[in-house]
Amino acid sequence: MKLTYEQKMEILKNGYVKIPGVVPKVMIDKAVQAINHSVGEGMNVSDIPIFRSQSYCPELVNSPVITDLYNKTPISDLAESVIGEGQIKAITGGQIALRFPSMQDPPRKPNPHLDGMYSPLNGVNEGTIGNFTALVGIFLSDTPEPYSGNFTVWPGTHHIYEQYFREHGPESLLKGMPPVDMPEPVQITGKAGDVVLVHYQIAHAAAPNVSPHTRYACFYRLTHLDHELYPPMTNIWMDWPGIRSIIEEK
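Below: a short report on this structure.

What counts, and where the lines are drawn
Residues numbered from 1 in each chain as written. Predicted model: local features only at pLDDT ≥ 70, side-chain atom pairs only at ≥ 80, totals over all residues. Heavy atoms only, no water. Buried < 20%, exposed > 50% of the residue type's maximum accessible area, 1.4 Å probe, protein only. Helix = DSSP H or I, 4+ residues; strand = E, 2+ residues; numbered from the N terminus. Pairing = 2+ DSSP bridges. Axes fitted to C-alpha atoms, helices over the stretch in contact; angles between N-to-C directions. Core = buried A, V, L, I, M, F, W, Y, C linked by side-chain atoms within 4.5 Å. Contact = heavy atoms within 4.5 Å. Arc of directions from axis to C-beta.

**Points about the pairing of strand S3 (residues 134-139)**
The side chains of a regular strand alternate between the sheet's two faces. Across the six residues of S3, six count as buried, placing the element largely inside the fold. Residues Ala134, Val136 and Ile138 point to one face of S3 and Leu135, Gly137 and Phe139 to the other, with burial holding for every one of them. Summarising the sheet, S3 and strand S6 (residues 195-199) pair through five bridges and their orientation is antiparallel. Across the sheet, leucine 135 pairs through a bridge with valine 198, a residue of S6. As paired strands, S3 and strand S8 (residues 215-222) are joined by six bridges and run antiparallel to one another. Looking at S8, one finds that valine 136 is bridged to tyrosine 220.

The following block contains the structure:
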């Protein structure tokens, strides 16, 4: 299974694409069952801020019920169709991302970030940028409406940040998010089994969840085998031969 030309164009322009119905329901159900069992065993309140920043159910992140969602579904082929066949480092774990209902009314607006920026809770070493090539998100529950904990993106910010880092240097991210004019965010709606493939350099966030239901998702960070730390931040298609080929055809 490969991305279509139109889907590749969405990545080129907007920095992300949603592909519906990729992961079979039976695999989604097994993952959610394992997560619910883990949560039902109880959590220390003091651990929850770390779980939000890193992963809930840490004992599951490297288990087959989570890794198979990527490794044994068409997702790996979809990703390789733009990053390169056999060119993605092995996926051995996933981030289990839960967003529980909030009583906040009205909900706050989503706050954009880039992954790999240091915070005291997220496991990134201070003074470093833990960047990668692409983010894959799997919806493990339906998110039919905004403010349901939706994965939220700011389309086109990969181009905006590329230009900013060319002018100010990639290391400027160590000082915080670039002070640039932002487009309107998109709270992605979808169904369990849908997948988003997102360029690393897209500003994103989880919207607040004021629905009655917990949002379940799993995220995987993909890294090209030849990935370098800083050059892809100023040359955003360096790790993406499937997108470069489209650009060259124009």
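**Side note on helix H5 (residues 75-83)**
Summarising burial for H5: seven of the nine residues are buried, a large majority. Burial in H5 covers these residues: Ile75, Ser76, Leu78, Ala79, Ser81, Val82 and Ile83. Once H5 ends, the next one or two residues include glycine 84, with phi positive near 120°.

**Brief notes about the sheet that holds S3**
A sheet is described by the order of its strands in space; here five strands give the open sequence S1-S6-S3-S8-S2, paired in antiparallel fashion. Edge strands, defined here as strands with exactly one partner in the open sheet, are strand S1 (16-19) and strand S2 (95-99). Shown here is a sheet whose adjacent strand axes are inclined to one another by a mean of 20°, direction ignored.

**So, the nonpolar core**
Among the nonpolar cores identified, the biggest contains 46 residues, and Ile96, Ile138, Leu197, Tyr220 and Leu222 are the most heavily contacted of them. The element that contributes the greatest number of residues to this core is helix H2 (residues 25-40), accounting for six residues. Setting aside residues up to four positions removed in sequence, isoleucine 96 forms contacts with Ile35, Ser55, Tyr56, Cys57, Leu60, Val61, Ile66, Ala217 and Cys218. Ala97, Phe151, Val198 and Ala205 belong to the second-largest nonpolar core, a separate cluster that totals 25 residues.

**Here we look at helix H8 (residues 241-249)**
Listing the buried residues of H8 in full gives Gly242, Ile243 and Ile246. An end-on view of H8 places all buried positions within 100° of arc, on one side of the element.

**Focus: the sheet that holds strand S4 (residues 151-153)**
Ordered in space as S5-S4-S7, the three strands form an open sheet in which the pairing is antiparallel. Lying at the two open borders of the sheet, with one neighbouring strand each, are strand S5 (186-187) and strand S7 (204-206). Note that S4 and S5 share two bridges and pair antiparallel. Looking at S5, one finds that valine 153 is bridged to valine 186.

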